[in-house]
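Geometric and topological summary
Each chain, written out:
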Amino acid sequence: MSDPAWFTSAVVYQVYPRSFADSNGDGIGDLGGILEHVDHLATLGVDVVWLSPIYRSPQADNGYDISDYRDIDPLFGSLEQLDELIAALHARGMKLVMDLVVNHTSDEHPWFVESASGKDGPKRDWYVWRDPRDGQEPNNWGSFFSGSAWQWDEASGQYYLHLFDRKQPDLNWENEDVREAVYEMMRWWLDRGVDGFRMDVINFISKEQSFADAPPVPGERHVNAFELFANGPRIHEYLAEMHERVFAGREGQFLTVGEMPGVTTEEAIRYTDPARGEVDMVFQFEHVSLDQGASKWDWIGLDRLALKQSLHRWQTALAEQGWNSLYWDNHDQPRAVSRFGDDDPAHWDQSAKALATILHGMRGTPYVYQGEELGMTNYPFRTADEHKDVEAVNHWKRVIDEGLDQQAALTGMAKVGRDNARTPVQWDASPSAGFTTGEPWLPVNPNRSWLNAAAQVGKAGSVFEHYRALIALRHEHPVFATGDFTGVLDDDPDVWAYVRVLGRQRLLVLANCSRRSRELELGDGWAGARLLLGSVPERPAALPPGSITLDAWESRIYLLD
Ligand code: TEU
Ligand code: CA
């Protein structure tokens, strides 16, 4: 067998620049702030930093609406500072991966401005323009951010497609010039020294060209037309072409990860099969959709057994071919401890460690979202105007306009709103958490008084030190990276357990995901196994024969070799 790829033993850290650290007191995080905290990342021990968008942008969707792919927004700093960041990370043995947002641009990107300037212009076809149908939108597709996915353009008498905000028009990937312009931009960044890309909704770039109606949903004017734009007819062709035009023949170790809502295990295997040359790994959405009902805002509570079974199914399905990305949260999701763990102060610490243990013990590449390594929690949202995110703001507008249930909407927004993940990183206990000397753009979570980096970094037994230990284990023992995965106690709703095997090495990962202590019968095969990491201090260094008891939310990893 050939050597495993470098990224199988790597851990990625996501920085959402707006909320990471502010260096100039305007209340918005920036490159200067990241530069000040590079050693935090080095101490944690991560291998790769993924930077959410810092390109020039009107900030309609916090940078996921780009108006210039080759410049830094002054809000975040300058190209020189980005070069500095690349150098600072490389000097510490870390890589930098940029966010690649090419399903759409900003409506203020010169490409779109030109495209919108008239029906006969050379760039008209760079975006998706369609005539009205019966004086209305061309079809019933809805935008992810509420309302129709089509925006009327009075001047030319056509609509343009935007799967997200109306300020995020979709590029037309059928047009070869669009594709080449994107590849050229990617090469430009690689030449500058970046080490790869996290590709925003990349499985949406090939649309079903009929632009037919999606099956109607009773009571909804606009529906999510997933089947018609996700994993579309030419998607594999485009990704293979991108790989060929951008990465082929280039020296070095790069990372490509495709963000792919709605991707199935079968598709994920295809996307990540090295022989096909598309992407290294994908972000799938199954486990972050389990607590959603009819819509994202319809919070139905978490079925932890379903969560475990979902992640185990992905482990097993990609065992022979393909590679998993492992994540609990990111800038679009609520905080992991609040959603999948237990953020009650009595269980916060152990449950944050349990989630970390479960994820970092699995086969795949783990991602840590800024603040997750501190166990940051959801923000205690009460009112609608506390939410700044375009997705939540538009949703609330719709609730008001259509007279929907306001209390249910507020609950949904508090539970799954994206601003939960976007409150400032809590560096210390001070009122602005050490994030800014000014007024932070989103309020700091009040629990910064006890939940912060200063209280954890270098402090034995902290959540941060637990993450740091897990990352070190992945670097030290190959079984973490490539060992075979077998779930145990698959029908137990509380205890999360699995085994990893590589040659003579056998790992046992255990986590009690409940508030009750649990006795476990492990069988004699494990007696004598060495405790690599435990969430509760002073447990015996070797596993005794017979049974053990796990406290509420306690987690442990044992190794036999
Ligand atoms: O997200 C894509 C996506 O489908 C969702 O996770 C999403 O943003 C939303 O929460 C659906 O309810 C990516 C980016 O990660 C996100 O920040 C952007 O807003 C979006 O694409 C558009 O670029
Ligand atoms: Ca700033």
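Residues numbered from 1 in each chain as written. Chains lettered and ligands numbered in written order. Predicted model: local features only at pLDDT ≥ 70, side-chain atom pairs only at ≥ 80, totals over all residues.

As recorded in an unreviewed UniProt entry, the protein chain goes by the name Oligo-1,6-glucosidase, listed as coming from Amnibacterium soli.

In the vicinity of ligand 1 there are 14 residues, among which Tyr 64, Phe 164, Pro 261, Lys 296 and Asp 332 approach most closely. When grouped by side-chain class, the residues that make up the shell around ligand 1 number 6 nonpolar, 1 polar and 7 charged. (Near = placed C-beta within 6 Å. Nonpolar A, V, L, I, M, F, W, Y, C, P; charged D, E, K, R; others polar.)

Our focus in this paragraph is the nonpolar core. Formed by 136 residues in total, the largest nonpolar core has its most connected members in Val 46, Val 48, Val 49, Val 97, Val 282 and Leu 355. With 7 residues, helix α11 (residues 348–360) is the single largest residue contributor to this core. When neighbours within four sequence positions are excluded, Val 49 is seen to be in contact with Tyr 13, Val 15, Leu 41, Leu 89, Met 94, Leu 96 and Val 97. Ranked by size, the runner-up nonpolar core spans 8 residues in total, among them Ala 392, Trp 396, Leu 410 and Ala 414. (Core = buried A, V, L, I, M, F, W, Y, C linked by C-beta atoms within 7 Å. Buried ≥ 20, exposed ≤ 12 C-beta atoms within 10 Å, placed from the backbone. Helix = DSSP H or I, 4+ residues; strand = E, 2+ residues; numbered from the N terminus. Contact = placed C-beta atoms within 7 Å.)

If you check UniProt for "domain: Glycosyl hydrolase family 13 catalytic" (unreviewed entry), the listed places come out as residues 14–422 in our numbering. With 32% helix and 12% strand, the stretch residues 14–422 has end C-alpha atoms that lie 12 Å from each other. (UniProt positions renumbered as here; feature names shortened; annotations may be inferred.)

This part covers the confidence of the model for the protein chain. This prediction gives the protein chain a mean pLDDT of 97; 100% of its residues lie at or above 70. Interface confidence for the predicted complex, given as ipTM, is 0.97, next to a pTM of 0.98. (pLDDT = per-residue confidence, 0-100.)

Strand order across the open sheet formed by 5 strands is β14-β15-β16-β20-β18, with antiparallel pairing between neighbours. Lying at the two open borders of the sheet, with one neighbouring strand each, are β14 (484–488) and β18 (530–534). Within this sheet the neighbouring strands show an average axis-to-axis angle of 20°, counted without direction. Here strand β15 (residues 495–502) pairs with strand β16 (residues 505–512) via 8 bridges, running antiparallel. Residue Val 501 lies in a different strand from β16, and its bridge partner there is Arg 506. Sitting on the sheet, α11 touches β15, β16 and β20 (555–560), and the angle it makes with β16 is about 150°. (Pairing = 2+ DSSP bridges. Axes fitted to C-alpha atoms, helices over the stretch in contact; angles between N-to-C directions.)

This part covers the sheet that holds strand β6 (residues 129–130). Ordered in space as β6-β8-β7, the 3 strands form an open sheet in which the pairing is antiparallel. Among the strands making up the open sheet, the edge pair consists of β6 and β7 (150–153). Direction of pairing for β7 relative to strand β8 (residues 158–161): antiparallel, over a ladder of 4 bridges. Among the inter-strand pairings, Trp 152 is bridged to a residue of β8, identified as Tyr 159.

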